[in-house]
Amino acid sequence: MTLSIGSVAPDFTAETTEGTVNFHDWIGDGYAILFSHPKDYTPVCTTELGYMAGLEDEFAKRNTKVIGLSIDKIGDHHGWMQDIKDVTGNDVNFPMIGDSDLKVAKLYNMLPADEVGSDGRTAANNATVRSVFVIGPDKKIKLMLTYPMTTGRNFDEILRVLDSMQLTAKHQVATPVNWKHGEDVIIAGSVSDEDAKKKYPQGWKTIKPYLRVVGQPK
């Protein structure tokens with residue numbers, strides 16, 4: 001199945017470092033981030049997992065859960081967690097899926113359907129299992145990112161995107177280039193000037209007829 005933004009995130013049941021997870025049930029009524037790793041004990045991913053663990057409070061503020069995936073077995077994950085703490089100082093505080101049969105990786109198009117299981121695979125074989133999915137309360141995919149093996153992911157950007165998604169889901173606005181929480185936003189094109197006057201009696205700045213900028217809604 002080909003996935004895209006707006007697709008229902010495939011549901012699955014999997015074993016994790018925190019027990020069995022039924023994905024859609026686990027997401028609940030908030031947002032979720034599913035992010036994957038090619039193999040345990042890989043250097044870039046070690047730094048990433050530790051950084052994500054350090055963002056626990058930030059994700060909690062945004063009603064967002066985090067779950068990791070690696071194609072190695074649960075027992076390997078537990079050993080890797082100690083390395084992650086040694087390197088970053090952070091305890092891994094989110095579940096990690098053991099996907100040695102590649103079930104979830106294939107479900108999310110991270111690997112071709114005919115790929116074999118994890119035994120004997122190398123990090124190079126698993127290069128495509130390095131993706132980020134942001135999933136909304138409606139269980140639909142809101143964001144998809146895939147990174148190359150040698151480039152660490154920017155999880156501060158994921159926080160920025162979450163802020164934008166959650167703001168624009170509540171208000172008829174969009175966020176401009178490099179927007180950060182608290183900065184001006186764009187009034188959606190679907191909002192007429194007449195309706196905008198009701199929403200924003202303080203007014204807005206018209207840069208072009210189709211580009212109207214206003215302070216971020218409270």
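Preceding this paragraph is the structure being described.
Residues numbered from 1 in each chain as written. Predicted model: local features only at pLDDT ≥ 70, side-chain atom pairs only at ≥ 80, totals over all residues. Heavy atoms only, no water.

Looking at the nonpolar core
In terms of nonpolar packing, the biggest core is built from 25 residues, with Ile-33, Phe-35, Met-52, Phe-59, Phe-94 and Val-134 touching the most fellow members. Going through the elements one at a time, strand 3 (31–37), helix 2 (43–54), helix 4 (74–88), strand 6 (131–135) and helix 6 (155–170) are the ones with two or more residues in this core. No other element matches helix 6, which puts six residues into this core. Setting aside anything within four residues of it in sequence, one finds Ile-33 in contact with Met-52, Phe-59, Thr-64, Lys-65, Val-66, Ile-67, Val-132, Phe-133, Val-134, Ile-158 and Leu-162. Counting 24 residues, the second largest nonpolar core, distinct from the first, contains Phe-23, Ile-97, Met-110 and Ile-135. (Core = buried A, V, L, I, M, F, W, Y, C linked by side-chain atoms within 4.5 Å. Buried < 20%, exposed > 50% of the residue type's maximum accessible area, 1.4 Å probe, protein only. Helix = DSSP H or I, 4+ residues; strand = E, 2+ residues; numbered from the N terminus. Contact = heavy atoms within 4.5 Å.)

Points about the sheet that holds strand 11 (residues 211–214)
Across the sheet, which stays open at both edges, the four strands sit in the order 8-9-11-10 with antiparallel pairing between neighbours. Pairing within the sheet leaves two strands with one partner each, and these edge strands are strand 8 (173–174) and strand 10 (205–208). (Pairing = 2+ DSSP bridges.)

Quick look at unusual backbone geometry
Positive phi values are uncommon outside glycine, yet Asn-63 reaches one of about 50 degrees. Looking at the secondary structure, you find Asn-63 in the loop between helix 3 (56–61) and strand 4 (64–70). Of the residues examined, Asn-63 reaches a relative accessible area of 46% and is grouped as partly exposed. The phi dihedral of Lys-139 is positive, around 70 degrees, even though this residue is not glycine. With respect to the helices and strands, Lys-139 occurs in the loop between strand 6 and strand 7 (141–146).

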